[in-house]
Amino acid sequence: MKIDRRAALLAACLLAACGTQPPSTPSSPSTPPDLILYNGKIVTVDGEFSIAQAVAIRGDRFVAVGATDALRQSAGSATRQIDLGGRTVIPGLMDGHLHNAGGGPGVDLSRVRSIDELLAAVAARAGNAAPGEAIVSNSDWHEAQLHEKRLPHLKELDRVAPKNPVVLVRGGHEYIINSAAAQRWNITRSTNSPAGGEIGHDADGELNGELVDTARALVHLPPAAPLNASAIERQLHLLNSVGLTSIRIPGSFQFGGDQVAAYRMFQELKRDGRVTMRVNYLMRIFDFSSVDKVKALIASWNIKPDEGDEWLRIGGMKTLVDGGFEGGNMREPYAEPYGRGGKFKGIEVVPRSQYIPVVLELNRLGWRVATHAVGDAAVDEVLDAYEAADRERSIKDRRWTIEHWFIAAPDQFPRARALGIAISAQDHLYLAAPSMAKYWGRSRAARVTPMRTFLDQGFLVAGGTDSPVIPYNPFWSMYHFITRDTISDGVYGANQGISREEALRVYTINNARLTFEDNLKGSIEPGKLADLVVLSADYLTVPEKQIESLKALATMVGGRFVYTDPSMRLQ
Ligand SMILES: [Zn+2]
């Protein structure tokens, strides 16, 4: 048993004057636990990555971790005891970059696997649409999931929906439209691409339907359906069902929705005791055109940096500088023909003349900054801004982050390390490898999200999925980072694989560190919040391929089961 660790943990917490409450001790150490899970394989993810057989819980905390016999002796008459039957338990999983669970009222393309299936889904909706009604898809799909590994073309959409404007929303950076949509919003072959965006053309100069980054603003979608607290609650339950107990929301829960309203709904859920997920919520800046505007916007929110508690906390400010797969800002040109004879290197969505002053101001206002940066040139821009901020007021060890960081250049590592920058990394390559290879060339795609290098360079790396851009299943992510296997295109960059132990840390304790909560959660240790997952098989020993299909049989948050698989009997 490791009761002594608890005292050490408490002392460390008090010494560090952490903003969070020290572990609550509603009763004396001799009070029996409320619950004991025994006869299992408890992967604690403590400093030594030790394995135990049993764990005892009182209130919302772990109170003891150790051998089955020793822990069962501490049971009182009211202690509930659950035989794990040898099953493996891990700390609650955490996603460091998750917008929402996907889905929604648009055309659902998440399960289509070919261009024909995609067109059939659009055709079905067009068949029921009123004349002129816009047909919009959900954003949680990607062409890499399609047999053809390409986007649909404007002309194909015209064939299935000749009269209705069609806008396929693909991830967070691209729309694909048909001719009726181009007509509705006055987009022609001669319309100039706006700064920070791209209107796609065929070789003959005709529109191909693609609108990238700021070019999407040419299209005015019907307002997103109003969100409510119950819809959020349902999404949190979906996330619990794959073992997630904590998420960090990078600035837009609902794409295009009101971020303050969504945050107020999370507060409402928390107040009513309906939140089943710990949420770190980042605010987001969209308009970088003037520092005064940014200041006025932030003042209008009435939200303070780091306000909240272990259920819901404001985690900083999300910003961005470049595009996604089709617009990441690179030092080297894209692969041909996308490189356009060496001239296209991606999109600087926010120029440094606007980005840097905003970052400086956020630092002055006490906000930690998290920046979306995909390409190496984008990361250069971020490092320049963070260094400028650091010269005014130190950002060292305040865990400012780079979100994504697909393509890294070795000269960037010492600069990032000197600033104590943390990395929020996701498994985009798992789904989108063929697209990345198409845009950037196979060898550059194989370098995407270099986890091995990041860890070897000593960075704090927190794992996530970017759901709904990539599906939210954390076991898929861990599988990908361990094997570098992809859904449709085999292994990319095998030399960047990490161990199972590292992957588990990346999806647990490292995320807790990212949000300054490693004293509270991220491992199964006495004194920490009782967040855990009972697994369908042993993560540490199943054949590699089966990591992808691991399931959560039960998910616990704060000592309470928030999800139980029908096959799991909690006797
Ligand atoms: Zn994102």
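Numbering of residues starts from 1 in each chain and follows the order in which that chain's sequence is written. Per-residue local features of the predicted model are confined to residues with pLDDT of at least 70, and side-chain atom pairs are confined, for both listing and counting, to 80 or more; whole-chain, interface and lining totals are unaffected and use all residues. The side-chain figures draw on all heavy atoms in the structure; neither hydrogens nor water molecules are used.

J.: Can you lay out the sheet that holds strand β6 (residues 80-83) for me, pointing to particular residues and giving the numbers?
T.: Read from one edge of the open sheet, 4 strands run β5-β4-β1-β6, paired in mixed fashion. The open sheet has two edge strands, β5 (61-66) and β6, and neither has a second partner. Between one strand and the next, the sheet's axes are offset by a mean angle of 15°, whatever the strand orientation. Two strands form a pair only when DSSP identifies at least two bridges running between them. Strands are runs of DSSP state E lasting at least two residues, helices are runs of H or I lasting at least four, and both sets are numbered from the N terminus onward. Here strand β1 (residues 35-38) runs beside strand β4 (residues 54-58); their pairing, made up of 3 bridges, is antiparallel. The residue of β4 that forms the bridge with Leu 37 is Val 55. Each axis is a line fitted through C-alpha atoms, and for a helix only the stretch in contact is used; angles between axes span 0 to 180 degrees, taken between their N-to-C directions.

J.: Before we move on, could you go through the coordination of the zinc ion and cite the residues and values that matter?
T.: Donor atoms from the polypeptide that coordinate the zinc ion comprise His 97 (NE2), His 99 (NE2) and Asp 466 (OD), at 2.1 to 2.2 Å from the metal. Donor atoms (N, O, S) are those found within 2.8 Å of the metal centre, with the cutoff raised to 3.2 Å for Na, K and Ca; water is not part of the atom list, so apparent gaps in a site can occur. Counting along the primary sequence, the residues that act as donors to the zinc ion give the motif H-x1-H-x366-D. Taken together, the positions of His 97 in the loop between β8 (93-95) and α3 (115-128) and Asp 466 in the loop between β20 (461-464) and α15 (474-483) put the pair 369 residues apart, joining distant regions of the chain.

J.: I'd like a rundown of the sheet that holds strand β10 (residues 166-170), residues and numbers included.
T.: Pairing is mixed in the open sheet, where 5 strands are placed in the order β9-β10-β11-β13-β12. Pairing within the sheet leaves two strands with one partner each, and these edge strands are β9 (135-136) and β12 (197-201). Strand direction decides the pairing type here: β9 and β10, joined by 2 bridges, are parallel. Paired with Ile 135 across the bridge in β10 is Val 166.

J.: Describe helix α10 (residues 376-392), naming the residues involved and giving the relevant values.
T.: Every helix has an expected span of 1.5 Å times one less than the residues it contains. Taking 1.5 Å of rise per residue, 17 residues should cover 24 Å, and α10 covers 25 Å from first to last C-alpha, within 8% of that figure. In terms of burial, α10 is largely enclosed, as 13 of its 17 residues are buried. Relative accessibility thresholds used throughout: buried, under 20% of the residue-type maximum; exposed, over 50%; partly exposed, between the two (1.4 Å probe, protein chains only).

J.: Explain the packing of aromatic side chains to me, using residue names and the numbers behind them.
T.: Under the pairing criterion, centres of Phe, Tyr and Trp rings, with the six-membered ring standing for Trp, must be within 6.5 Å; the plane angle then separates stacked pairs below 30 degrees from edge-to-face pairs above 60, leaving the rest tilted. Here the structure, examined in full by the defined rule, presents 19 aromatic pairs. With a centroid separation of 6.5 Å and 70° between ring planes, the pair formed by Tyr 334 and Tyr 439 is classed as edge-to-face. Here Tyr 439 lies in helix α12 (residues 428-440) and Tyr 334 lies in the loop between β16 (312-320) and α9 (352-364), a separation of 105 residues in the sequence. Look at Tyr 439 and you get buried, because its relative accessible area is 4%. Between Trp 405 and Phe 454 the ring centres are 5.2 Å apart and the planes differ by 50°, which places this aromatic pair in the tilted class. Pair noted here: Trp 405 is in the loop between β18 (401-404) and α11 (412-418) and Phe 454 is in helix α14 (residues 451-456), with a separation of 49 residues, a long-range link. Exposure class is identical for Trp 405 and Phe 454. Each is buried. Every member of this aromatic cluster is reached through a ring pair, and the members are Phe 325, Tyr 334, Tyr 338, Phe 344, Phe 406, Tyr 439 and Trp 440.

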